[in-house]
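Commentary on secondary and tertiary structure
In case you want the letters, here they are:
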Amino acid sequence: MPIDNKTPKWRHQLTLVDREELNVDGVVSLGSYDEKEIIMETEQGMLIIKGDGLNIKQLNLEQGNIIVEGMVKGIIYEDEQRQRKGLLERFLK
């Protein structure tokens, strides 16, 4: 089967254990992070993790994996196309 630009490099998967440890596979890059919020780009779009006491326990971008510790309160996917359109609309106004 030929590989095209739509074929993910890694399988995207989230594993959350007791809301205290989150393992994310398919991470492309890490954006900003602090103890309340971690933003990352995944194979399935931008992912925002919200919580308290968040800490990056392990990060391996070569393998596309991140492990986050802390109390996870929310997991949100942002639609990149919607963000880009919104930014473009702001410039055109």
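The structure reproduced in this document is the subject of the present report. Fair warning: this is a prediction, and the values are worked out from it, not measured in the lab.

What counts, and at which threshold
- Residues numbered from 1 in each chain as written.
- Predicted model: local features only at pLDDT ≥ 70, side-chain atom pairs only at ≥ 80, totals over all residues.
- Heavy atoms only, no water.
- Pairing = 2+ DSSP bridges.
- Helix = DSSP H or I, 4+ residues; strand = E, 2+ residues; numbered from the N terminus.
- Axes fitted to C-alpha atoms, helices over the stretch in contact; angles between N-to-C directions.
- Core = buried A, V, L, I, M, F, W, Y, C linked by side-chain atoms within 4.5 Å.
- Buried < 20%, exposed > 50% of the residue type's maximum accessible area, 1.4 Å probe, protein only.
- Salt bridge = Lys/Arg side-chain N within 4 Å of Asp/Glu carboxyl O.

**Let's talk about the sheet that holds strand β4 (residues 37-42)**
- Taken in spatial order, the 6 strands of this open sheet run β1-β2-β6-β5-β4-β3, and their pairing is antiparallel. Looking along the sheet, the strands with just one partner apiece sit at the ends: β1 (13-17) and β3 (27-33). Strand-to-strand twist across the sheet, computed as the mean angle between neighbouring axes with direction ignored, equals 35°.
- Of the strand pairs in this sheet, strand β2 (residues 21-25) and strand β6 (residues 65-78) are connected by 5 bridges, and their pairing is antiparallel. Residue D25 lies in a different strand from β6, and its bridge partner there is N65.

**Notes on the pairing of β1**
- Both β1 and β2 contribute to a ladder of 5 bridges, which runs antiparallel. Its bridge partner lying in β2, V17 is registered against E21.
- The turn linking β1 back onto β2 is made up of 3 residues, and D18 within it adopts a positive phi angle of 50°.

**Some details on the nonpolar core**
- Judged by nonpolar contacts, L22, V24, V27, I38, M40, L47, I49, L54, I56, I66, V68 and V72 together constitute the single largest core of 12 residues.
- The set of elements that each furnish at least two residues to this core consists of β2, β4, β5 (45-60) and β6.
- Ranked by the residues each element gives to this core, the list is headed by β5, at 4 residues.

**Considerations on the pattern of salt bridges**
- Within the structure shown, the criterion is met by 5 salt bridges.
- Across the pair K36 and D52 runs a salt bridge, and its minimum N-O distance is 2.8 Å. Of this pair, K36 sits in the loop between β3 and β4 while D52 is found in strand β5, placing the two residues 16 residues apart along the sequence.
- When its relative accessible area of 47% is taken as the criterion, K36 is described as partly exposed.
- With a closest N to O distance of 3.8 Å, E69 and K57 form a salt bridge.

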